[in-house]
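Below, each chain spelled out in residue letters.
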Amino acid sequence: MIRELRTLLGHDAVLEPSAAYEQDATEGRGVRGRADAVVLPGRAADVATALAWCYEHDVPVVPRGGGTGYAGGAVPCDGGVVLGTERLRAVRSLDPLLWRATFEAGLPTGHVHRLARESGLYYPPDPGAAEASHLGGNVATNAGGPHAFLHGVTGHWVTGLEVAVAPGELIHVGGHTRKDVGGYDLRSLFVGSEGTLGIVTAVDLRLIPAPEAALPVVASYPDVAAGCAAVEAVYGSGLRAAALEYLDAATMAAAGQDTGFTVIAEAQGTVEEAARLRSALAEALAEGASSLQEPAADALWRWRGGVSIAVTALRGGKVSEDIAVPVDRLREAIERTVEIGAHHGLDACSWGHAGDGNLHSTFLVARDDLPGLERAAAAAGDLHALAVELGGTVTGEHGLGLLRSGELARQWGGRALDLHEAVKRAFDPKDLINPGKKRARAC
Ligand code: FAD
C-alpha cells in the first residue's frame with residue numbers, strides 16, 4: 001500500500017503509521033486505533049487522487065485535521081489510510097475590503113484568527129484548541145466556542161467548500177456568494193459531517209470587521225439556581241452579549257478560584273458601545289450575585305482556555321461530554337450531572353456555553369483507572385438520556401464520532417434514522433470514508 005501510494009503521490013507524502021496519527025484528544029479515555037499508512041497530500045488534487053486509490057482498492061480512509069477532536073472521529077478503527085490535511089495550508093485568497101477569504105483546510109484555526117485580524121477583520125468561531133485544530137476539522141465538526149452565542153458556530157461563516165468525494169473527484173459547492181438556493185444545500189450537509197461524506201480541502205469564509213473592544217463582566221453566585229436565573233435574566237434583558245458562559249463551583253475550585261458558581265458575559269462593539277453594553281450586562285447579572293468583576297478580555301479568555309487542563313489535573317484524567325439542552329433546562333442539567341456522577345461513584349463538575357445551553361459535563365477519573373473509565377462511560381450514557389429527556393441533544397459541539405456512534409437513536413425516531421443512513425450511502429456507497437463514525441444506529 002505504502003509503495004503504491006508513494007508512486008502516486010511522492011515519497012514524502014506517505015508515511016509509515018505511528019501513534020501520533022492513530023489517536024486524538026480521546027486518548028485519555030483509552031481510544032486508540034490502527035492504520036496501515038498515513039497520507040499527507042501537499043495539494044488538494046492529491047487528496048482526490050488518494051481517495052480514488054482507496055476507493056478502487058476497498059481501503060478505508062480516515063480524514064484527519066489537528067487531531068484535537070473529543071469524539072474519536074479521526075481515529076482509524078481498523079486499518080486503512082489516515083489522510084491528514086496538515087500540509088494544505090495555503091491562503092488562496094484574502095479580500096479585506098470584501099470581508100472574505102478562501103483558506104485551505106489544514107490551516108490552524110489560530111492562523112485564521114490572526115490573518116483576519118491583520119486585515120482588520122474578525123473570524124468569530126473560537127473552539128478551545130485553536131492553535132492545534134484545523135479549519136477543515138472545525139468545518140467537519142461544525143465547531144463552536146464561547147463567541148458562538150452571538151456569532152454562531154463555524155458553519156455560519158462558511159459560504160463554500162471544496163471537497164474530495166467518492167469515488168475520487170474534487171467538487172466545489174457554494175463560493176463567495178452570500179445567498180444561494182440553487183440545489184439541495186450540500187455545503188451545509190458537509191458541515192458537521194465529521195469526515196464521513198468527503199474530505200474538505202478548502203473553505204470559503206465570510207468575515208466581519210473586527211469589533212474595536214471586547215469587555216467582559218464576571219459574576220459569582222451562591223448556588224446553581226441563582227447563577228442560572230442570572231443567565232435567563234441576560235436573555236430577558238434583550239441585551240446582545242457576545243458570549244455567555246458558566247463554570248460551576250467545583251470547576252472554579254479546580255481552576256484555583258473559590259468564588260462559587262460563575263457566569264461570564266462579554267460586550268463587543270466600539271469602545272463606547274462595549275462600555276455601555278458591559279454596564280447593562282453587569283446590571284442584568286447583579287441580582288443574586290455575591291461579586292461582580294470586570295477583568296481584561298485577553299487575560300480572562302486565556303484563563304478560561306486552561307480550565308479543562310486544570311480539571312484534568314485533579315485526578316490525572318477525565319471523561320468530558322458536551323450535551324446541549326434548551327436554556328431554561330440548564331439548571332436541571334447542571335445539577336443532575338453531579339447526581340449522575342455520584343450514582344456511578346464519580347466526582348463530577350461542569351462548565352460551558354450557558355447561553356447555548358451547552359454543558360461540558362465532566363466525570364473525574366484517572367486515565368489508567370479502567371473500572372473507573374467503565375463507570376464514566378455508563379455515566380455518559382445516562383447523561384445522553386438526560387439530554388434527550390430535557391429536549392436537548394447528546395452532543396452540541398464534539399460530534400458523534402466513534403464514542404457516541406449510535407447514540408443518535410436516543411434522540412431521533414425510525415424514519416429519520418433511515419434518512420440519516422441513506423445520506424451516508426448516497427455519498428459513500430462502499431462505506432470507506434471514515435467507516436464506523438457518526439452512525440445513526442449502533443453497529
Ligand atoms: P480532528 O480531531 O483531526 O478531526 C475531527 C473530525 O473531523 C474527525 O471526524 C475527522 O475525520 C474530521 N475531519 C478533520 N479534518 C477533515 C477534513 N479536512 N475533511 C473532512 N473531515 C475532516 N470543540 C468545540 O466545538 N468547541 C470548543 O470550545 C472546543 N474546545 C476544545 C478544547 C480542547 C482543549 C480540546 C482538546 C478540544 C476542544 N474542542 C472543542 C474539540 C475540537 O478541538 C474540535 O472538534 C475541532 O473542530 C476538531 O478539529 P481538528 O482539526 O483537530 O479535527
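Structure's up top.
What you see is a predicted model, and the numbers here were worked out from it, not measured in a lab. (Residues numbered from 1 in each chain as written. Predicted model: local features only at pLDDT ≥ 70, side-chain atom pairs only at ≥ 80, totals over all residues. Heavy atoms only, no water.)

Q: Even after reading the chapter, I still don't get the sheet that holds strand 4 (residues 81-84), so can you show me in this structure?
A: Sheet strands associate in pairs through backbone hydrogen bonding, adopting either a parallel or an antiparallel arrangement. Within the open sheet, the four strands sit side by side as 1-2-4-3. Their pairing is mixed. Two strands bound the open sheet, and with one partner strand each, they are strand 1 (14-15) and strand 3 (61-64). Where helix 2 (residues 44-56) meets the sheet, it contacts strand 2 (37-39), strand 3 and strand 4, and its direction lies at approximately 170° from that of strand 4. (Pairing = 2+ DSSP bridges. Helix = DSSP H or I, 4+ residues; strand = E, 2+ residues; numbered from the N terminus. Contact = heavy atoms within 4.5 Å. Axes fitted to C-alpha atoms, helices over the stretch in contact; angles between N-to-C directions.)

Q: How should the environment of Q23 be read in this particular structure?
A: Inspection of the secondary structure assignment puts Q23 in the loop between strand 1 and strand 2. You can call Q23 partly exposed: its relative accessible area is 21%. The spacing of Q23 and D328 is 305 residues in sequence and 36 Å in space, taken between C-alpha atoms. Residues contacting Q23, with those up to four places away along its chain left out, are V31, R32, R64 and V75. (Buried < 20%, exposed > 50% of the residue type's maximum accessible area, 1.4 Å probe, protein only.)

Q: Is there a simple way to explain unusual backbone geometry in this structure?
A: One can expect most non-glycine residues to show negative phi and most peptide bonds to be in trans. Backbone torsion omega between A166 and P167 reads 5°, so that peptide bond is classified as cis. Counting through the fold element by element, P167 comes out in the loop between strand 8 (158-165) and strand 9 (169-174). Positive phi outside glycine occurs at N142, with the angle close to 50°. Residue position: N142 is located in the loop between helix 4 (135-141) and helix 5 (148-151). For N142, a relative accessible area of 24% puts it in the partly exposed group.

Q: I'm lost on the layout of surface pockets in this one. Help?
A: Where empty space is left can be seen by rolling a probe of water-molecule size over the atoms. Quantified by volume, the second largest pocket comes out at close to 680 Å³. Along the walls of the second largest pocket sit 31 residues, with G192, S193, L400, H420 and K438 positioned nearest its centre. Listed by contribution, the elements that provide at least two residues to the lining of the second largest pocket are helix 6 (186-190) and helix 14 (414-427). With five residues, the top contributor of residues to the lining of the second largest pocket is helix 14. Taken together, the residues that form the lining of the second largest pocket break down as nine nonpolar, 12 polar and 10 charged. (1 Å grid on protein atoms, 1.4 Å probe; cavity = no way out; pocket = protein on both sides within 12 Å on 5 of 7 lines; lining within 4 Å. Points joined across faces, edges and corners; volume = space filled by probe spheres on them. Nonpolar A, V, L, I, M, F, W, Y, C, P; charged D, E, K, R; others polar.)

Q: Can you walk me through the packing of aromatic side chains in this structure?
A: Inspection of the entire model under this criterion finds three aromatic pairs. For the ring pair F149 and Y235, a centre distance of 5.8 Å and an interplane angle of 70° mean the geometry is edge-to-face. On the criterion of sequence distance, the pair formed by F149 in helix 5 and Y235 in helix 7 (residues 224-237) is long-range, its members being 86 residues apart. Using a relative accessible area of 41% as the deciding quantity, one classes Y235 as partly exposed. Plain terms: the ring middles of Y246 and F261 are 5.5 Å apart, the flat faces sit at 10° to each other, and that makes the pair stacked. Here Y246, found in strand 13 (residues 243-247), pairs with F261, found in strand 14 (residues 261-269); they are 15 residues apart in sequence, far enough to count as distant. Its relative accessible area of 2% is what places F261 among the buried residues. Residue placement shows R206 over the ring face of W157; its charged tip is 4.3 Å from the ring centre. (Phe/Tyr/Trp six-rings, centres within 6.5 Å; stacked < 30°, edge-to-face > 60°. Lys NZ or Arg CZ within 6 Å of the ring centre and 35° of its normal.)

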